[in-house]
Amino acid sequence: MNRKAFIIDDDQICHFITRHLIKSEDLAQEITCFFEAQQALDLLVAQLPENPPAMIFLDLNMPYMNGWQFLDALRPYESQLRCKTRIFILTSSVDAVDQEKSLEYPYVSGYFLKPLQTADLKTLGKLIKQESR
Amino acid sequence: VQRNLASPAIFNSSFFASILELSVDILLVLEPSGGCQYLNNPAMALLGGDLMEKEGARLLTKVHPQDRSAFSQVLTQALTQPKTALPPCRLQTKQGPWCWLAGDVINMSHDLPGLVLVLLLKKVAPPGEGAFQGNEASGPEKKNARKKILQWELENLSLVASKTTNGVIITDNQYHIEWVNEGFTKHTGYTLDEVLGLRPEDFLYGQDAGRETADLYRKRLLHNLPLTLEILNYTKKGDPLWFLTEVTPVLNEQGKTVKFISIRTDITEKKNRESELLSLTKDLCDQNRDLQQFTYIVSHNLRAPIANALGLANLLADLKPGEDLLPEITKNMKTSIRQLDTVIKDINLILSIRDNKDTLALEEVTFKTVFNQVMHNLSVSLLECQGEINLEVPEGYTFRSHKAYLFSILHNLISNAIKYRSPQRPLQIKLECQGTPERGTTISCCDNGLGLNLETAGKNLFKLYKRFHTGIPGRGIGLYLVKTHVETLGGEIKVWSSPNKGARFFINLPE
């Protein structure tokens, strides 16, 4: 089973919390954190189609390339991402518009409000295990 | 029903009688001598029943003396042909006054032996000018009276046209000016001599809208419809004036337009009030939108550190024995709370600037002095990156402004230039300040740093908490503050930039 995860967020504290929770729930072994969405995008595209991460935690509000722009840039790879990589939006935005907008992207598997909770990761873990079976 | 007929019997038939009575026209039946045999009800009502009482040529006695000879001529003619037209003639009515009647005289002797002429008449308008018809004046006397009245009317009309405070223009049907009144000259400064033969759009409408306005005019007036519109004109001196203009086509007898009369009321004051109100409304809308955006941004940026602190607290609660995370959690907790504090301080700062907008006390500020204060803060970081700054400002230049705001504007612009310098070349900053009577004070800050792509960043460049460079720490508040300060001082800011070439900020602060 693929055991890689990406965390894309311009906030270091968020990296710390998310990484720690993923580890303690044993969802992934190899966790890569990015401050810039562009770097994550480059690496992801390089790993497609064979070896992409199983999950990506994506912040929305980031300088330079924000979460939406990252998702837009992934459009050409939609079919390659399917079943292999699950993208979860992880944001502090309480704006309902953002959540609605995330539904427009079929390759977005979930929308979490910060802070990420252990319960969120438990559901997420079940989801992934079910699928890999 | 009393029938007025002596003969022939046919008029006694009730069938004919009812048809004749139904007719609204005036119908008389004359015997060849001119005596009346029959009058229908409208005829009786108009001319009276006494015509029937005696036999003989009574009808002619009812005809106006002046028309009598024409009338008897027609009757004579009618005896020899089936139908003769009767031109308008005056007949005396039952009540006394004259009434103009005209119609046909029909000779019916072929069909009805003994009965000769039937007059079918209608009331008609007096021939010529109705207003001057009368039985008291006649001939040259009448003409004279009419002329006098016309003269009097003309004098009064021209008095109204020339003395009214409204502007009046009369043009021919090709819009060439034939006459303007004093009001027009008072409004626009142009005299009749100057504009005679010109078209209004040649000199009144200014550069831009002239053609369009003229075309609009033409389209409506093509259909000979009067037109009312609000129109912007320029005086001889070049001042803009708004007019409510009413254009009326003057038609000739054939219905063709021969002239246009344009009456113009000065509504500049009303228009100015309108545009003031409009700009006030726009200001309010802008401010409202700004505030909404501000609230949104702030709520987002307030929530981010709170969410982090909450997440860290959750980690603390779930901490398993033996995990050595406590120092890192504590450190991050502190950072989150400090960020929260910073956002709250930012809000306070921004609100206090916005609050000052109307009560800002301006003072005489020496540009060089404020610049020196800024450089006192920034010279170390400039030195560290081996950057250079060039200042161009007229010696001792002062202007009315706000010291702290100017300090903040310069500080943010220069520290941004230092922060976003290019690693490939030594930093060069050129700062220029000028004063012009028309534009007030202009400040230009130009650097050779990283620059940015305005196509992608442009919309957000001056927005709160927006950042455009990765790997360089920053809160995304500097340019927002610059813009807020500039706008609070009533000025505006513009930017030019291209990636990896540099950026130029241009500020204009009007007096």
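Nothing here was measured: the structure is a model prediction, and the numbers come from that model. (Residues numbered from 1 in each chain as written. Chains lettered and ligands numbered in written order. Predicted model: local features only at pLDDT ≥ 70, side-chain atom pairs only at ≥ 80, totals over all residues. Heavy atoms only, no water.)

Residue and element names in this part refer to chain B. Throughout the structure, instances matching the rule amount to 10 aromatic pairs over all chains. Ring centres of Trp496 and Phe506 lie 6.4 Å apart, and the angle between their planes is 70°; on these two criteria the pair is classed as edge-to-face. Of this pair, Trp496 sits in strand β16 (residues 492-498) while Phe506 sits in strand β17 (residues 502-509); the two residues are 10 residues apart in sequence, bridging distant segments of the chain. Classification of Trp496 as partly exposed rests on a relative accessible area of 42%. (Phe/Tyr/Trp six-rings, centres within 6.5 Å; stacked < 30°, edge-to-face > 60°. Helix = DSSP H or I, 4+ residues; strand = E, 2+ residues; numbered from the N terminus. Buried < 20%, exposed > 50% of the residue type's maximum accessible area, 1.4 Å probe, protein only.)

Residue and element names in this part refer to chain B. Taken over all residues, the pLDDT of chain B has a mean of 83, while the share at 70 or more is 88%. Within the model, the stretch residues 1-7 combines pLDDT values under 50 with 15 contacts to residues more than four positions away or in other chains. As a predicted assembly, this complex carries a pTM of 0.54 together with an ipTM value of 0.88. (pLDDT = per-residue confidence, 0-100. Contact = heavy atoms within 4.5 Å.)

With that settled, consider the sheet that holds strand β4 (residues 86-91) of chain A. Residue and element names in this part refer to chain A. Ordered in space as β2-β1-β3-β4-β5, the five strands form an open sheet in which the pairing is parallel. Whereas interior strands pair on both sides, the edge strands pair on one side only; in this sheet they are β2 (30-34) and β5 (108-113). Strand-to-strand twist in this sheet, taken as the mean axis angle between neighbours without regard to direction, amounts to 20°. Where strand β3 (residues 55-58) meets β4, four bridges bridge the pair, whose relative direction is parallel. Within β4, the position partnered with Met55 by the bridge is Arg86. The sheet strands contacting helix α1 (residues 12-24) are β1 (4-8), β2, β3 and β4, and the helix crosses β2 at an angle near 165°. Packing against the sheet, helix α2 (residues 37-47) makes contact with β1, β2 and β3, and its axis sits at approximately 155° to β1. (Pairing = 2+ DSSP bridges. Axes fitted to C-alpha atoms, helices over the stretch in contact; angles between N-to-C directions.)

Our focus in this paragraph is the sheet that holds strand β2 (residues 36-39) of chain B. Residue and element names in this part refer to chain B. Reading across the sheet, the five strands line up as β2-β1-β5-β4-β3 and stay open at both edges, with antiparallel pairing between neighbours. Here the strands that pair on one side only, and so sit at the sheet edges, are β2 and β3 (83-92). Looking at each pair of strands side by side, their axes are set apart by 25° on average, direction ignored. In this structure, strand β1 (residues 26-30) lies alongside β2, joined through three bridges in antiparallel fashion.

Here the focus is the interface of chain B and chain A. Contact with chain B, which involves 25 residues of that partner, is made by 23 residues of chain A. Between chain B and chain A, roughly 2,100 Å² of surface is buried when both sides are summed, and carbon and sulfur atoms account for 57% of that area. Among the residues of chain B in contact with chain A, His300, Arg303 and Thr470 of chain B are the three that bury the most area, contributing 26% of the side total. Between chain B and chain A we count zero salt bridges in total. No other element matches the 11 residues that helix α11 (residues 268-317) of chain B contributes to the side of chain B that touches chain A. Across the side of chain B that touches chain A, the residue classes tally to nine nonpolar, nine polar and seven charged. (Buried area = accessible area lost by both parts, 1.4 Å probe. Salt bridge = Lys/Arg side-chain N within 4 Å of Asp/Glu carboxyl O. Nonpolar A, V, L, I, M, F, W, Y, C, P; charged D, E, K, R; others polar.)

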